[in-house]
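Reading the structure
Single-letter residue listing:
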Amino acid sequence: MAIRNIRMFGDPVLEKVCKEVREVTPRTMELIDDMFETMYDANGVGLAAPQVGVLKRICVIDVTYEDPILLINPRVLETSGEQTGSEGCLSLPGKCGDVTRPNYVKVEYYDENMEKQVIEGTELLARALLHEIDHLDGHVYTEKVIGEIRNVGEESENTEEE
Ligand code: NI
């Protein structure tokens, strides 16, 4: 396992549409292991393959730091409700912004054995699923931010800048 270099906003790799995974090879497993290690090392709750420069439809999520989720070729089946909350991205460290997303999502994906699975999430998990799946289509959360992009720790009402 190894920690990979996280690509930052502005890197064209983050604007590309990723390719479907057809088979999980030992190289794919190495990528997945590295993605988990890279995400935990950066204290993130999610990471998508393009963020480590690989244009494959793979993302990893762990919103509790004890429930690792691997999604290959994820596809949103259903959404409902609405939530607005602060969101950040490992590709734009130290920044956050308010994003409105569905409060519930149902996602179909493949596991490491290429067996089809379904996951449902609400609140933070729904937000993480939608954020990571957006990455696979070349989208980043800042496209959806309401108001200002803030430094982490700043109140949303605080528009003062030094
Ligand atoms: Ni992100």
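Before reading on, note that the structure itself is shown above.
First, a word on scope: everything that follows refers to the structure included in this document. (Residues numbered from 1 in each chain as written. Predicted model: local features only at pLDDT ≥ 70, side-chain atom pairs only at ≥ 80, totals over all residues. Heavy atoms only, no water.)

Observations regarding helix H2 (residues 123–136)
Think of an α-helix as turning once every 3.6 residues; residues three or four places apart then point the same way. With 14 residues, H2 should cover 20 Å at 1.5 Å per step; its first-to-last C-alpha distance of 21 Å lies within 8% of that length. Burial in H2 covers these residues: Leu125, Ala126, Arg127, Ala128, Leu129, Leu130, His131, Glu132, Ile133, Asp134, His135 and Leu136. Of the residues flanking the end of H2, it is Gly138, one or two places downstream, whose phi is positive at about 80 degrees. (Helix = DSSP H or I, 4+ residues; strand = E, 2+ residues; numbered from the N terminus. Expected span 1.5 Å × (residues − 1). Buried < 20%, exposed > 50% of the residue type's maximum accessible area, 1.4 Å probe, protein only.)

Details of the sheet that holds strand S7 (residues 116–122)
A sheet is described by the order of its strands in space; here five strands give the open sequence S1-S2-S3-S6-S7, paired in antiparallel fashion. Strands at the two margins of the open sheet, each flanked by one partner only, are strand S1 (46–48) and S7. Sheet twist, expressed as the average angle between the axes of neighbouring strands with direction ignored, equals 35 degrees. As defined by bridge partners, strand S6 (residues 104–110) adjoins S7 across seven bridges and the pair is classed as antiparallel. The residue of S7 that forms the bridge with Tyr110 is Lys116. Those strands touched by helix H1 (residues 26–41) are S1, strand S2 (58–61) and strand S3 (69–80), and its axis lies near 35 degrees from that of S2. Seen against the sheet, H2 touches S1, S2, S3, S6 and S7 and runs at an angle of roughly 125 degrees to S7. (Pairing = 2+ DSSP bridges. Axes fitted to C-alpha atoms, helices over the stretch in contact; angles between N-to-C directions. Contact = heavy atoms within 4.5 Å.)

Section: the coordination of the nickel ion
Within the protein, Cys89 (SG), His131 (NE2) and His135 (NE2) serve as the donor atoms for the nickel ion, at 2.0 to 2.2 Å. Of note, the nickel ion draws all its donor residues from one chain, in the sequence arrangement C-x41-H-x3-H. Remark: His135 and His131 occur in helix H2; sequence separation between them is four residues, near one turn of the helix. Each member of the pair, His131 as well as His135, is classed as buried. (Donors = N, O, S within 2.8 Å, 3.2 Å for Na, K, Ca; no water.)

Some points on the nonpolar core
Soluble, globular proteins show a tendency: their nonpolar side chains are buried together. Core analysis: the biggest nonpolar cluster contains 17 residues, and Ile61, Leu71, Val107, Ile119 and Leu129 have the highest contact counts within it. Elements supplying a minimum of two residues to this core: S2, S3, S6 and H2. Considering each element in turn, this core owes the most residues, seven residues, to H2. Every residue in contact with Val107, bar those within four places of it in the chain, is listed here: Leu71, Pro74, Arg75, Val76, Leu77, Gln117, Val118, Ile119, Leu129 and Ile133. (Core = buried A, V, L, I, M, F, W, Y, C linked by side-chain atoms within 4.5 Å.)

Notes on the pattern of salt bridges
The final tally for this structure, using the stated rule, is eleven salt bridges. One salt bridge connects Glu87 with Arg101, and the closest N-O pair in it is separated by 2.7 Å. Here the residue Glu87 occupies a position in strand S4 (residues 83–87), and Arg101 occupies one in strand S5 (residues 95–101), the gap between them amounting to 14 residues. Given a relative accessible area of 5%, Arg101 falls into the buried group. In this structure, Arg127 and Glu87 form a salt bridge, with 2.5 Å as the shortest nitrogen-oxygen distance. Placement of the pair is Arg127 in helix H2 and Glu87 in strand S4, with a sequence separation of 40 residues. Residue Glu87 is classed as buried on the basis of its relative accessible area, which comes to 5%. (Salt bridge = Lys/Arg side-chain N within 4 Å of Asp/Glu carboxyl O.)

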